[in-house]
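Residue strings, one per chain:
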Amino acid sequence: MAEKTIPLLPCQTIQPVIDFYTALGFEVTFLQKSPNPFAVVERGGIVLQFFGMKKYEPSESYSTCYVLTEDVDGLYKAFRAGLKAAHGKIPSRGIPRIGPLKDMSYGVRQFLMTDPGGNCVRVGQPISEDLHHRPAPKETFARALHNAALFADSKEDLVGAAKIIDRALGLEDERPTPLQLVRLLAMRGDVAWRLGDETTAASALERAAAVQLTDEERESVRDDLAPLKDLVG
């Protein structure tokens, strides 16, 4: 018999967590409201269990788990659609939230989402046989993109990511290529939105849209720009 690991994740109250995951297409397969709140949700091969803690503070949570999938794009699309249908918008900041879908430097295409319990669920698909962390590129703007992505989407240090991008965009003796510029602006806009700075987010999107790209280049940054357009477009 094959072994299986099932994460047990904390939450302050069970019902908001259940509502969140049912919006994502999960089925509640077990629910106990008292004396010890406990729930199990399932979607395909994903099984998550939750237990209630009255004094638990979601904003201070460090709990997390990783979901490996063979269709990260499909799950991302389905989860975003479910959240938009449930909430009228796609929550990208605060709790709960869902982050952007990105190709990471360690050979994984992934997105992060945080449920109402403050649990960070990372959903990813290997896109390389080498899953070791790559060193930062040496070229100035490629390095800025690399480091800012790690700060924003692995460490969730949005302020640090913003500083990295602003420093790169403020250089006077070097200029990014048009493709690099669009990616930097897209990431800056996403970070600004998640920090609650909607003015900077809209400005970054406007600047990115004005950059002249070839059709092939524009297609290559579709994933970078799409989430930001959904938010401020």
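Fair warning: this is a prediction, and the values are worked out from it, not measured in the lab. (Residues numbered from 1 in each chain as written. Predicted model: local features only at pLDDT ≥ 70, side-chain atom pairs only at ≥ 80, totals over all residues. Heavy atoms only, no water.)

Draft legend 1. Here's a closer look at the packing of aromatic side chains. This model, assessed by the stated rule, comprises seven aromatic pairs. Pairing F20 with Y21 gives two aromatic rings, centres 5.1 Å apart and planes at 85°, and the pair type is edge-to-face. Taking relative accessible area as the criterion, Y21 reaches 0% and is therefore assigned buried. With a centroid separation of 6.1 Å and 80° between ring planes, the pair formed by F79 and F111 is classed as edge-to-face. Of this pair, F79 sits in helix α2 (residues 72-87) while F111 sits in strand β8 (residues 108-114), and the two are 32 residues apart along the sequence. Both residues of the pair, F79 and F111, belong to the buried class. Geometry around W193 places R93 over its ring, the cationic atom sitting 4.4 Å from the centre. (Phe/Tyr/Trp six-rings, centres within 6.5 Å; stacked < 30°, edge-to-face > 60°. Buried < 20%, exposed > 50% of the residue type's maximum accessible area, 1.4 Å probe, protein only. Helix = DSSP H or I, 4+ residues; strand = E, 2+ residues; numbered from the N terminus. Lys NZ or Arg CZ within 6 Å of the ring centre and 35° of its normal.)

Draft legend 2. Highlighting a negative patch on the surface. Where like charges cluster on the molecular surface, the negative patch consists of E139, E172, D173 and E174. Mapped onto the elements, E172 comes out in the loop between α4 (158-169) and α5 (178-194). (Patch = residues over 30% accessible without salt bridge, like charges linked within 9 Å, V, L, I, M, F, W, Y side chains within 5 Å. Areas by Shrake-Rupley, 256 points an atom, 1.4 Å probe, with all protein chains shown as cover. Salt bridge = Lys/Arg side-chain N within 4 Å of Asp/Glu carboxyl O. Lys, Arg positive; Asp, Glu negative; His and termini not counted. Charge placed at Lys NZ, Arg CZ, Asp CG, Glu CD.)

Draft legend 3. Spotlight on the packing of helix α3 (residues 140-153) against α4. Contact geometry for α3 and α4: axes closest at 8 Å, N-to-C directions at 170°. One way to sum up the angle between α3 and α4 is to call them roughly antiparallel. Judged by the sense of rotation from one axis to the other, the crossing of α3 with α4 is left-handed. Counted together, F141, A144, N147, A148, F151 and A152 of α3 and L158, G160, A161, I164, I165 and A168 of α4 form the full contact between these two elements. In the contact of α3 with α4, the residues fall into 10 nonpolar, two polar and no charged. (Axes fitted to C-alpha atoms, helices over the stretch in contact; angles between N-to-C directions. Parallel < 35°, antiparallel > 145°, perpendicular 65-115°, else oblique. Left-handed = near helix turned anticlockwise from the far one by under 90°. Contact = heavy atoms within 4.5 Å. Nonpolar A, V, L, I, M, F, W, Y, C, P; charged D, E, K, R; others polar.)

These results come straight from atomic positions and should not be treated as a statement about function.
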